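Structural overview for review
Listed below are the residues making up each chain.
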Amino acid sequence: MHKAELRHLIRQRKQAFSRQQLEEWSLDIIARLKQEPHFQQAQTVLLYYALPDEVDTHDLLTALNDKTVLLPRVIDDENMEIRYYQGAEDLRAGAFGIMEPCGQQFTDYQQIDVAVIPGIAFDRQGNRLGRGRGYYDRFLSRVPNIYKIGLCFPFQLTDEVPAEDNDIRMDVVIS
């Protein structure tokens, strides 16, 4: 199956579930993320501010008082930068309607212990299908030692995600 076909299939699957079901799954997935050893031990974590169709990270962002929390910010058609998350009041709608931080830029990428990454689909080998722009793949290729955790709903976990040489695999996927 081609990437475009898989994106279409997952969007169709998602329509079968209510917002309430996605919220319940999100709570369970986030609870398992909190138990993941690398995540527990991490001092600096790159997260994402969830879109309505992604595993919800909003409550998690405010609950991580003991960690440095970072969020991505899209800066052009090919790149994103990383900024400190300092609270919901620091967020503004950015590219693609995603809430992004406005605060101080974070540039010491080697200090990021764990990156929690959303996706359209994942497989059990850690392959990830994103939205098609390649932002995370380009960023993660510059920091190969970050432990990468993919988050998805159960119906987003597939037998195989088509992968190319520039696609970055997750170390673990939690669904």
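Read on for an overview of the structure.

Observations regarding the overall build of the protein
Across its full length, the protein carries 5 helices and 12 strands. Radius of gyration (C-alpha) of the protein: 15 Å, near the 16 Å computed for a compact globule of 175 residues. With the principal axes as the frame, the protein shows a C-alpha extent of 40 × 35 × 30 Å. Of the accessible surface of the protein, which amounts to about 9100 Å², a share of 45% is contributed by carbon and sulfur atoms. Charged side chains in the protein number 20 positive and 27 negative. The centres of these two groups are separated by 2 Å.

Looking at the nonpolar core
Residues Leu33, Phe39, Leu47, Val116, Phe139 and Leu151 are the most contacted members of the largest nonpolar core, which totals 54 residues. A total of 5 residues in this core trace back to one element, the largest contributor, which is helix α2 (residues 19–35). If we skip the residues at most four places from it in the chain, leucine 151 touches Ile29, Ile30, Leu33, Tyr48, Val55, Thr57, Val116, Ile117, Pro118, Gly119, Phe122 and Ile174.

Points about helix α5 (residues 135–142)
Buried within α5 are the following residues: Tyr135, Tyr136, Asp137, Phe139 and Leu140. On its buried side, α5 packs onto β1 (44–46), β2 (68–74), β3 (80–84), β7 (114–117), β9 (128–129) and β10 (147–151).

Some points on the side chain of glutamate 81
With respect to the secondary-structure elements, glutamate 81 resides in strand β3. Reaching out from glutamate 81, the side chain makes a polar contact with the side chain of arginine 83 at a distance of 2.6 Å. Beyond its immediate chain neighbours, meaning those up to four positions away, glutamate 81 contacts Leu71, Pro72, Arg73, Ile75, Gln105 and Tyr109.

Thoughts on the layout of surface pockets
Quantified by volume, the largest pocket comes out at close to 640 Å³. Taken together, 33 residues make up the lining of the largest pocket; nearest its centre are Arg128, Arg131, Gly134, Tyr135 and Tyr136. Mapped by element, the contributors of at least two residues to the lining of the largest pocket are α1 (3–14), β2, β5 (99–101), β9 and α5. With 5 residues, α5 is the largest single contributor of residues to the lining of the largest pocket. Of the residues in the lining of the largest pocket, the class split is 15 nonpolar, 6 polar and 12 charged. Counted as a void, the second largest pocket has a volume near 170 Å³. Among the secondary structure elements, those contributing two or more residues to the lining of the second largest pocket are α2 and α4 (58–63). The element that contributes the greatest number of residues to the lining of the second largest pocket is α2, accounting for 6 residues. For the lining of the second largest pocket, the class distribution of residues is 4 nonpolar, 1 polar and 4 charged.

A short note on the sheet that holds strand β11 (residues 157–158)
Pairing is mixed in the open sheet, where 3 strands are placed in the order β9-β8-β11. On the outer flanks of this sheet lie β9 and β11, each paired with one strand and no other. Of the pairings in the sheet, the one linking strand β8 (residues 121–123) to β9 comprises 2 bridges and is antiparallel in character. The partner of phenylalanine 122 across the bridge, within β9, is arginine 128.

Digging into empty space enclosed by the protein
Tallied over the entire structure, the rule returns 1 cavity of 30 Å³ or more. Of the voids in this model, the largest cavity is the one considered here, and its volume is about 40 Å³. Lys14, Tyr48, Asp53, Glu54, Val55, Pro118, Gly119, Leu151, Cys152, Phe153 and Gln156 are the residues that line the largest cavity. Of the residues contributing to the lining of the largest cavity, the split by class is 6 nonpolar, 2 polar and 3 charged.

What counts and how
Starting afresh in each chain, residues are numbered from 1 along the sequence in its written order. Given that the model is predicted, a residue must reach a pLDDT of at least 70 before its local features are reported, and side-chain atom pairs must reach 80 or more before they are shown or counted; all residues, however, enter totals for whole chains, interfaces and linings. Neither water nor hydrogens contribute to the side-chain values; these are computed over all heavy atoms in the structure. Numbering of helices and strands starts at the N terminus; helices are DSSP runs of H or I of at least 4 residues and strands are runs of E of at least 2. Taken over C-alpha atoms, the radius of gyration is set against a globule rule of 2.2 Å times the number of residues to the power 0.38. The Shrake-Rupley method, run with a 1.4 Å probe, gives the accessible areas here. Residue values count only the displayed protein chains as cover. Counted charges follow a simple rule, with Lys and Arg positive, Asp and Glu negative, and His plus the chain ends left uncounted. Charge placement uses NZ in Lys and CZ in Arg. For Asp and Glu, CG and CD serve respectively. What is meant by a nonpolar core is a set of buried Ala, Val, Leu, Ile, Met, Phe, Trp, Tyr and Cys residues, joined one to another through side-chain atoms within 4.5 Å. Accessible area is worked out with a 1.4 Å probe on protein chains only. A residue is then buried under 20% of its type maximum, exposed over 50%, and partly exposed in between. In what follows, a contact means two residues having at least one pair of non-hydrogen atoms within 4.5 Å. Between N or O atoms, a polar contact is any pair within 3.5 Å; within protein, one atom must be a potential hydrogen donor and the other a potential acceptor, and residues adjacent in sequence are included only when both atoms are from side chains. The definitions used throughout rest on a 1 Å grid laid over the protein atoms alone, on which a cavity is an enclosed set of points accommodating a 1.4 Å probe that cannot get out and a pocket is an open set flanked by protein within 12 Å on both sides along at least five of seven lines; lining residues are those having an atom within 4 Å of a point. Grid points are joined across faces, edges and corners, and a volume is the space filled by probe spheres set on the points. For this scheme, ten residues count as nonpolar: Ala, Val, Leu, Ile, Met, Phe, Trp, Tyr, Cys and Pro. Four count as charged, namely Asp, Glu, Lys and Arg, and the remainder, Gly too, count as polar. Two strands qualify as a pair provided that DSSP identifies no fewer than 2 bridges between them.

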